[in-house]
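Coordinate analysis (summary)
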Amino acid sequence: MLEKKEYAAQRAEMIEKQLRRRGVIDPVVLAAMATVPRHEFVPEEVRSHAYDDLPLPIGGGQTISQPYIVAAMTAALHLQPADRVLEIGTGCGYQAALLSRLAREVFSIERRPELASSAAAKLTQLGYSNAHVHCGDGTLGLPEFAPFDAILVAAAAPAVPKPLLAQLAEGGRLILPVGGAEHQELQLIEKRGDAFPTRMLEGCRFVPLVGYHGWQESS
Ligand code: SAH
């Protein structure tokens, strides 16, 4: 086991080499990335790679995104301290922890019960008390807690799930990967009245969003 200090040094290097050099420069996002202990969220077997420039397996065939994608998606949302945020695909809880440092409240939905309960336990253990994990189909959103100022989808959608657009607050932002199984484009969508101006950001590769407004379960 490395010391806390050594993990902090690895985080500092990650921020410089993987984030700042690739154009993620928002000081508020970088400061939050410097505090969230990514190594605490990943499984023991891959802990020594927690700060590498890679996605990592988190069990059940799922992965946590590489630090750059987590940071770039978060920065694109331009979170404000009073914002309420919805995340789809809690996974190990790392992205939810990061969002919770930048917003007032985070609701995160995970469809796999074992991941939902371990992420919830980890977030509680580490004191991220404004991040709430729900188990269910995130393609339906969380209507009882809507509207949201920002929604981040951490799994690949075949098309934009309609309920998520409906649950955006006025001026709210939705970021999600849209495309096929092998490759997707990150889309940033804003709610402006009845219009949803959309920007394509960059190519990416996520695990599938499986649900009513996502991909069908294959097994
Ligand atoms: N943000 C996570 C990584 C997400 S990996 C982290 O920081 O660790 C994508 C996750 O989305 C997986 O855990 C997968 O089970 C989940 N997922 C896929 N489809 C879903 C759906 N319809 N609703 C909720 N979660 C879903």
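The rules behind the values
- Residues numbered from 1 in each chain as written.
- Predicted model: local features only at pLDDT ≥ 70, side-chain atom pairs only at ≥ 80, totals over all residues.
- Heavy atoms only, no water.
- Near = heavy atom within 4 Å.
- Polar contact = N/O pair within 3.5 Å; in protein donor to acceptor, adjacent residues only side chain to side chain.
- Areas by Shrake-Rupley, 256 points an atom, 1.4 Å probe, with all protein chains shown as cover.
- Helix = DSSP H or I, 4+ residues; strand = E, 2+ residues; numbered from the N terminus.
- Nonpolar A, V, L, I, M, F, W, Y, C, P; charged D, E, K, R; others polar.
- Phe/Tyr/Trp six-rings, centres within 6.5 Å; stacked < 30°, edge-to-face > 60°.
- Lys NZ or Arg CZ within 6 Å of the ring centre and 35° of its normal.

Notes on the site of the ligand
Around the ligand sit 27 residues in total, of which Thr-63, Glu-110, Asp-137, Gly-138 and Val-210 are the nearest. Between Cys-92 and the ligand, the recorded distance is 3.0 Å, taken from a backbone N or O atom to an oxygen atom. Within the contact set of the ligand, an oxygen atom lies 2.6 Å away from a side-chain nitrogen or oxygen of Glu-110. For the ligand, the accessible surface in isolation is 580 Å², of which the surrounding protein chains cover 98%. At the level of elements, strand S2 (62-64), strand S3 (84-88), helix H5 (94-102) and strand S4 (105-110) are the ones that each hand at least two residues to the shell around the ligand. When residues of the shell around the ligand are assigned to their parent elements, the largest contribution, three residues, is made by S2. For the shell around the ligand, the class distribution of residues is 12 nonpolar, 10 polar and five charged.

Topic: the packing of aromatic side chains
Scanning the entire structure with this criterion turns up five aromatic pairs. By the ring-pair criterion, three or more aromatic residues cluster together here, those being Phe-41, Tyr-94 and Tyr-128. Seen from the ring of Tyr-68, Arg-22 lies directly overhead, with NZ or CZ sitting 5.5 Å from the centre. Over the ring of Tyr-94 we find Arg-38, and its NZ or CZ is 5.1 Å from the ring centre.

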